[in-house]
Amino acid sequence: MLLFVGIILIALFSRAEKPICLPYGTEEVPQFSKDGDITIGAILSIYKDFIVVNPSFKVDPGRAKCESLNPRVLQIAQTMIFAAEEINNSSEILPDVSLGYKIYDSCRSLTLSIKIALELLNGHEKGFLYDQSCNKSSSVHAIIGQSSSTLAIGIAATVGRFHVPVLSHFATCACLSNRKEFPSFFRTIPSDYYQSRALAKLVKHFGWTWVGAIRSYNDYGNSGMATFVQAAQQEGICIEYSEAIYRTQPKEKLLKVVNIVKKSTAKVVVAFTADADLDILVKELLIQNVTGLQWVGSEAWIAERYLASNGGQKVLAGVIGFAIPNTEIPGLKEFILKARPSNAPGNSGLKEFWETTFSCNLTSQTNYSVNLCTGTESLEGISNQYTEISDMGILNNIYNAVYAFAYSLHNLYACKNGEGPFENQTCANKTKLEPWQVPRSVCSESCLPGTRKAIEKGKPVCCFVCIPCAEGEFSNTTDSIECSTCPLEYKSNEQRNQCILKNIEYLSYGELMGIILVTFSVFGACLTIIIANIFFKYRSTPIVRANNSELSFLLLFSLTLCFLCSLTFIGQPSDWSCMLRHTAFGITFVLCISCVLGKTIVVLMAFRATLPGNNIMKWFGPTQQRLSVLFFTLIQILICVLWLIMSPPFPNMNMKYYAERIILECDLGSAGAFWAVLGYIGFLSAICFVLAFFARKLPDNFNEAKFITFSMLIFCAVWITFIPAYISSPGKFTVAVEIFAILASSFGLLFCIFMPKCYVILLKPERNTKKYLMSKMPSKSL
């Protein structure tokens with residue numbers, strides 16, 4: 001239904017900030033009007049039937065006259081006039097300022113409502129057609145209307161861009177509370193947000209858990225019923241069917257809805273409809289004798305007595321719902337009964353009603369069977385919808401709307417310089433008031449998006465505080481009751497009015513920490529390769545050959561892999577990198593420690609072999625050394641294979657540690673397997689450390705066991721410190737700690753075992769002799 005409104009707004013208001021110039025000769029004529037210093041516009045549906053309006057806003061000549069006068073809306077128009085006259089005769093509000101009005105009929109037409117709204121903005125002077133600048137101020141300072149939510153939406157969307165206030169007395173759609181879309185819309189009736197929930201609680205109160213639902217196929221019905229269905233589900237109420245009706249739809253669709261109601265097992269029907277829509281449905285239900293249902297109604301029709309006339313009470317017997325509170329407006333009934341028609345241009349609102357009520361003609365006697373009105377006719381004693389004023393709920397809403405506007409103007413005129421509501425506490429120009437200058441009188445200002453309303457204890461519902469949404473929550477509408485939770489992958493922005501994707505964190509190659517760790521990894525690998533080249537070049541010298549050069553080269557190879565395996569921990573985790581980083585780390589380190597353990601055992605065995613009659617070295621020759629390294633490494637390989645088969649590491653998005661960002665990490669899969677890998681490395685390291693410690697004071701001039709002891713001391717210290725640091729480090733720092741432990745222990749082994757030998761080879765070649773290496777230390781060193 002709002003599609004045409006959208007097309008009009010796009011076509012007419014794109015880039016427009018001032019009222020639109022209308023084609024000449026398309027002005028509508030007000031039903032009631034009066035000039036004044038300040039003018040209020042009103043758009044009401046005084047006639048029930050639609051008229052056809054084409055896209056150029058020209059009335060179809062075949063439907064130029066609306067039909068079916070609505071006396072109830074005529075009452076509303078008269079109430080507005082009564083309020084304006086009461087204000088003009090008051091010395092307490094707007095003294096010396098006359099209040100005028102222009103009341104138009106839109107015949108329940110959306111396009112005609114928009115057309116009239118534009119005319120109210122532009123004025124009706126014909127000379128305005130030639131004002132190419134279109135800079136003329138709005139001819140009215142506020143617009144009152146409409147009663148229909150759909151029509152009110154069209155008007156509010158049209159004039160909202162020009163900051164002209166729109167006050168509705170009966171439009172209840174919750175969507176109109178959106179200050180972003182309807183910045184200048186106000187109303188003197190509560191939003192359906194509350195009525196829909198109250199209807200659900202009412203149904204629940206009577207224990208009805210199986211109901212049918214019928215709505216008007218417009219913004220009022222669709223929005224209200226959607227809220228009711230949501231609230232009903234929360235109350236444990238089930239909806240058997242939910243159907244839409246509209247007074248202009250084909251009869252086949254109406255009969256389909258009647259058939260559904262007739263065949264349903266639900267005995268309670270909740271109707272969120274306009275009175276005119278329900279009237280057609282009730283008549284058809286009466287024809288098909290569909291009675292005995294319990295109806296629950298919305299405020300739009302619950303108090304309309306005419307629906308129960310002509311047999312309608314058989315269908316609607318016992319109907320319950322929420323009506324607008326009744327009240328009394330002193331003097332209004334007398335004013336309505338004393339009203340008289342006028343032949344003055346722009347004051348023809350009572351003409352047709354008067355002629356129909358008294359069967360006379362006010363102008364010329366075109367029909368000889370109808371007499372001219374005498375002018376002595378009186379509404380006293382006449383009983384119809386116009387004179388029946390027992391229910392003043394809606395009339396009070398329109399009455400309050402006029403007074404709200406008047407009090408706003410009064411505050412502007414009473415403003416004192418330095419105490420004004422505008423910039424620098426200035427006041428409005430009293431000789432040229434603008435519509436956007438309507439100061440508001442509210443207990444609490446609207447809550448902006450990013451906050452939610454919270455009722456203050458012991459205060460009326462109009463008084464509330466705006467509480468910012470919590471972290472991870474948002475609200476994107478004005479006066480939101482609650483904040484919504486962002487999806488796990490998202491977080492709320494600083495304003496808390498929308499969700500944005502969380503920052504993704506992992507240790508990358510591009511950040512400073514990643515660059516530093518990569519630099520040390522590559523440096524360590526390159527340094528290891530350089531040392532390996534030095535050893536290869538001097539492989540025939542005693543210091544290289546002294547302690548199994550084959551194990552030395554295998555140890556250098558494993559250290560190179562240790563340095564390089566740290567690179568697998570950097571970068572965005574993937575399936576392969578997660579499996580590779582932990583298994584490669586575990587296997588290369590066991591290979592490294594196995595080589596160190598082999599070298600330590602060789603030192604011990606070599607010393608014992610020098611004792612008389614001891615031939616132990618034949619049991620730990622080169623072959624046995626290779627097999628021991630292979631055996632120790634295969635155990636770690638087996639642990640890693642079982643780990644990958646049963647529960648391998650995998651990439652994971654950790655959204656629990658931090659609320660504002662996502663940590664991309666490698667989940668261990670099986671924590672037991674991970675600690676088994678580390679435990680096995682620790683077990684071999686402990687054995688190696690103990691053996692090297694016992695051999696540290698053997699009487700060789702170049703005792704390698706002493707350097708192995710230092711290296712294993714550093715290795716064990718690093719990995720013992722690693723455990724608490726690994727557990728307590730957050731996010732990418734967990735990975736950084738693990739890389740640091742790998743690099744620190746690798747550099748410790750490299751420096752302690754190989755640097756002393758390189759020092760002798762390159763700087764002290766005189767010590768690189770068999771005689772020097774075989775010379776004994778003093779006996780006191782034993």
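To start, this report covers the structure provided alongside it. Everything numeric in this text was worked out from a predicted model, so none of it was measured.

## Concerning the state of the cysteines
Here is step 1: Enumeration over the complete set of coordinates arrives at 6 disulfides.
Here is step 2: Here Cys447 pairs with Cys466 through a disulfide, and the sulfurs are 2.0 Å apart. On the sign convention where negative means left-handed, the S-S torsion of about -90 degrees between Cys447 and Cys466 marks this disulfide as left-handed. With Cys447 in the loop between helix H12 (393-413) and strand S14 (451-455) and Cys466 in strand S15 (residues 464-468), this residue pair connects regions lying 19 residues apart in the sequence.
Here is step 3: Between Cys486 and Cys499 runs a disulfide, and the two sulfur atoms are separated by 2.0 Å. Every disulfide takes its handedness from the sign of the S-S torsion; for Cys486 and Cys499 that torsion is -85 degrees, giving left-handed. Here Cys486, found in the loop between strand S17 (484-485) and strand S18 (490-492), pairs with Cys499, found in strand S19 (residues 499-501); they are 13 residues apart in sequence, far enough to count as distant.
Here is step 4: Of the cysteine sulfurs around Cys595, a residue in no disulfide, the closest is that of Cys592, at 6.8 Å.

## Some points on the packing of aromatic side chains
Here is step 1: This model, assessed by the stated rule, comprises 17 aromatic pairs.
Here is step 2: Centre to centre, the rings of Phe585 and Phe589 are 5.3 Å apart; their planes meet at 55 degrees, and the pair counts as tilted. With Phe585 and Phe589 both in helix H16 (residues 575-609), this residue pair falls 4 residues apart, about one helical turn.
Here is step 3: Through pairs of rings, three or more aromatic residues link up here, namely Phe82, Phe335, Tyr399, Tyr403 and Tyr407.
Here is step 4: Between the NZ or CZ atom of Arg197 and the centre of the ring of Tyr193, over which it lies, the distance is 3.7 Å.
Here is step 5: One Lys or Arg, Arg539, reaches over the ring of Phe536 and ends 4.2 Å from the middle of that ring.

## Side note on the pairing of strand S10 (residues 294-297)
Here is step 1: Here strand S9 (residues 268-272) runs beside S10; their pairing, made up of 4 bridges, is parallel. Its bridge partner being in S10, Val268 is matched across the sheet by Gln294.
Here is step 2: A crossover connection joins S9 to the parallel S10 through helix H8 (residues 275-287); in handedness this β-α-β unit is right-handed.
Here is step 3: Note that S10 and strand S11 (residues 320-321) share 2 bridges and pair parallel.

## Side note on the sheet that holds strand S22 (residues 661-667)
Strands belonging to one sheet form pairs held by backbone hydrogen bonds; the direction of such a pair is parallel or antiparallel.
Here is step 1: If you trace the 3 strands from one edge of the open sheet to the other, you get S20-S22-S21, paired in mixed fashion. Of all the strands in the sheet, the pair left with one neighbour each is strand S20 (503-505) and strand S21 (650-654). On average, adjacent strands in this sheet sit at an angle of 25 degrees to one another, irrespective of strand direction.

## Let's talk about the side chain of Thr451
Here is step 1: Of note, Thr451 is situated in strand S14.
Here is step 2: Within the structure, Thr451 has its side chain in polar contact with the backbone oxygen of Leu448 (distance 2.6 Å).

## Quick notes on the pattern of salt bridges
Here is step 1: On inspection of all chains with the given rule, the structure shows 7 salt bridges.
Here is step 2: Between Lys351 and Glu355 there is a salt bridge whose closest N-O contact spans 3.2 Å. In this pair, Lys351 and Glu355 both sit in helix H11 (residues 351-358), 4 residues apart, roughly one turn of the helix.
Here is step 3: Judged by relative accessible area, which is 25%, Lys351 ranks as partly exposed.

Scoring rules and cut-offs
- Residues numbered from 1 in each chain as written.
- Predicted model: local features only at pLDDT ≥ 70, side-chain atom pairs only at ≥ 80, totals over all residues.
- Heavy atoms only, no water.
- Disulfide = S-S within 2.5 Å.
- Helix = DSSP H or I, 4+ residues; strand = E, 2+ residues; numbered from the N terminus.
- Phe/Tyr/Trp six-rings, centres within 6.5 Å; stacked < 30°, edge-to-face > 60°.
- Lys NZ or Arg CZ within 6 Å of the ring centre and 35° of its normal.
- Pairing = 2+ DSSP bridges.
- Right-handed = clockwise from strand over helix to strand, strands pointing away.
- Axes fitted to C-alpha atoms, helices over the stretch in contact; angles between N-to-C directions.
- Polar contact = N/O pair within 3.5 Å; in protein donor to acceptor, adjacent residues only side chain to side chain.
- Salt bridge = Lys/Arg side-chain N within 4 Å of Asp/Glu carboxyl O.
- Buried < 20%, exposed > 50% of the residue type's maximum accessible area, 1.4 Å probe, protein only.

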